[in-house]
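Below are the chains, spelled out letter by letter.
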Amino acid sequence: MATPYLGRFAPSPTGPLHAGSLVAALASWLDARAHGGQWLVRIEDVDSTRCQRGMDQTLLRQLAALNLHSDGPPVYQSQRTPLYQQALDQLIAGGHAYLCGCSRRDIELALQHSGQPKPRHGERVYPGTCRHGLHGRGARAWRFNTQAQPRLHWQDRRLGEQAQDVALAVGDFILQRADGCFAYQLAVVVDDAAQGISDVVRGEDLADNTARQILLQRALHLPTPRYLHTPLVLGPHGEKLSKQNGAQALDTEHPLATLNRAAAVLGLAEQHALADALANWVAQWRCLYNLPP
Ligand code: GLU
C-alpha cells in the first residue's frame, strides 16, 4: 500500500512570514491538498539562540489569516531533544559520527595550510582534522563522517535529476554544536521520519541540504521522502529574500493580494475571489505536477 501523503511547513521562528517563506508555505499546502493528504506545521526552534520569543504565535496567526491551517497541533522542535539525542547515539553506535575539537579558527588555519580556499556559502569544507581523534584537544561538537559515502543521486519533483558528493561539496557536517544545540540537518531528518512526512516541499534555498539529509536517513535506516523545491522570491538586487536581510512582513490585511503574489511565483493564475482561490490553485497545481484530478 502506498504511504499516505503527509506534508509539512517547517518555519524557524526567527522572524515573521515574508513573501519568500509564504511561497513555500502555500506550495506545501497546495501539494498536500492536491494529493488529498494532510499538512502539518512544525516550528523549527531547535536553535534557541536564533529564535524570537512569541514568533511562533505570529507565524501561526499569519498562516491562519491566509486560510492555511495545520491539520494537527503544531510540533515544536525545542520539545523533542530526546529524539535528536537518540538519533545521535544511533549514529555514534553505527560509527557514523565523531567528536570534533576544532574552533572556527582551527578550521581556517588547517584549510590555509592545505591550500583549500574554497568558500561555500561562507562556510568552508571541514578538512577532517578530528576524523581520527582529537589530538589532545577538548571535544566541542559531533560531526557526521562523510568519507565512505557514495555520490548521491535523487529526483526533485521540480528541479529534476540532482546529484551531490557530500564529502567533496560540504564535508563532515555538524550534528551537534559545541553549545549542545542539535543541528538543523539532524533535527529535520528525525522529525520528518517521526511525523511520517511523505513529501518535503520547501524553498530552493534549502535544496542544497537534501543530500546531507538523505545520508542521515540512510545511516539511521529511515525512509527518504519525495522532495520538491519551490522557486525563490528575489529582492530588488537579485538577492534571496530572508528574514535576515530585512524582508518585509506579509500584509495579511489583504489575504487575496498576498496569496496572489505567492501563487504567481509558483506559476499559478491570478484569482479574483478569496472564497475559491485556494481550491482553484489546487486544481492548477494538479495540472502543473501531473497529479490525478
Ligand atoms: N526551518 C527551515 C527554515 O525556516 C526550513 C526547514 C525545511 O523545510 O526543511 O528555513
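Residue indices follow the written sequence of each chain, beginning from 1 at its first position. In keeping with the predicted nature of the model, local features appear solely for residues at pLDDT of at least 70, side-chain atom pairs appear and are counted solely at 80 or more, and the whole-chain, interface and lining totals rest on all residues. For side-chain calculations, the full set of non-hydrogen atoms in the structure is used, while hydrogens and water are omitted.

Caption draft 1: Structural context of the site of the ligand. The full set of residues close to the ligand is Arg8, Ala10, Pro11, Ser12, Glu44, Tyr184, Val188, Arg202 and Leu206. A distance of 2.9 Å separates an oxygen atom of the ligand from a polar atom in the side chain of Tyr184. Here the accessible surface of atoms and residues is derived via Shrake-Rupley with a 1.4 Å probe, and residues count as covered only by protein chains that are part of the display. The protein chains hide 82% of the 300 Å² of surface that the ligand would expose on its own. Residues are classed as near a molecule or strand on a simple rule: at least one heavy atom within 4 Å of it. A 3.5 Å cut-off defines polar contacts: any pair of N or O atoms within that distance qualifies, except that in protein one atom must be a possible hydrogen donor and the other a possible acceptor, and neighbouring residues in sequence count only when both atoms are side-chain atoms.

Caption draft 2: Spotlight on the pairing of strand S2 (residues 38-43). The buried label applies to any residue whose accessible area, calculated with a 1.4 Å probe on protein chains only, is under 20% of its type's maximum; exposed applies above 50%, and partly exposed to all values in between. Strands here mean DSSP runs of E at least two residues long; helices mean DSSP runs of H or I at least four residues long; both are numbered from the N terminus. With 5 of its 6 residues buried, S2 lies for the most part within the structure. Where strand S1 (residues 6-9) meets S2, 4 bridges bridge the pair, whose relative direction is parallel. Each residue of the ladder has a partner; that of Leu6, found in S2, is Gln38. Here, the term right-handed applies to a crossover whose path from the first strand over the helix to the second runs clockwise when the strands point away from the viewer. Crossover connection from S1 via helix H1 (residues 19-34) to parallel S2: handedness right-handed. Here a strand pair is declared whenever DSSP counts at least two bridges between the two strands. Examined bridge by bridge, S2 and strand S3 (residues 75-76) share 2 bridges and lie parallel to one another. When the sheet's bridge partners are listed, Ile43 is paired in S3 with Tyr76. Remark: the S2/helix H2 (residues 55-65)/S3 crossover connection has right-handed handedness.

Caption draft 3: Quick look at the side chain of Gln271. Along the chain, the position of Gln271 falls in the loop between helix H8 (255-265) and helix H9 (274-288). Looking at Gln271, its side chain comes within polar contact range of the main-chain oxygen of Ala269, at 3.2 Å. Ignoring any residue separated from it by four or fewer positions in sequence, one finds Gln271 in contact with Leu256, Asn260, Ala277, Asn280, Trp281 and Gln284. Residues count as neighbours in contact if any of their non-hydrogen atoms are within 4.5 Å of one another.

Caption draft 4: Structural context of the nonpolar core. In this description, a nonpolar core means a group of buried Ala, Val, Leu, Ile, Met, Phe, Trp, Tyr and Cys residues linked to one another through side-chain atoms lying within 4.5 Å. In this structure, Leu26, Leu68 and Trp285 are the most contacted members of the largest nonpolar core, which totals 40 residues. Those elements giving two or more residues to this core turn out to be H1, S2, H2, H8 and H9. In this structure Trp285 touches Ala27, Leu30, Asp31, Ala34, Leu228, Leu266, Leu268 and Leu291, once residues within four positions along its chain are discounted. Of all hydrophobic cores here, the second largest spans 32 residues; its members include Leu6, Ala97, Leu152 and Val200.

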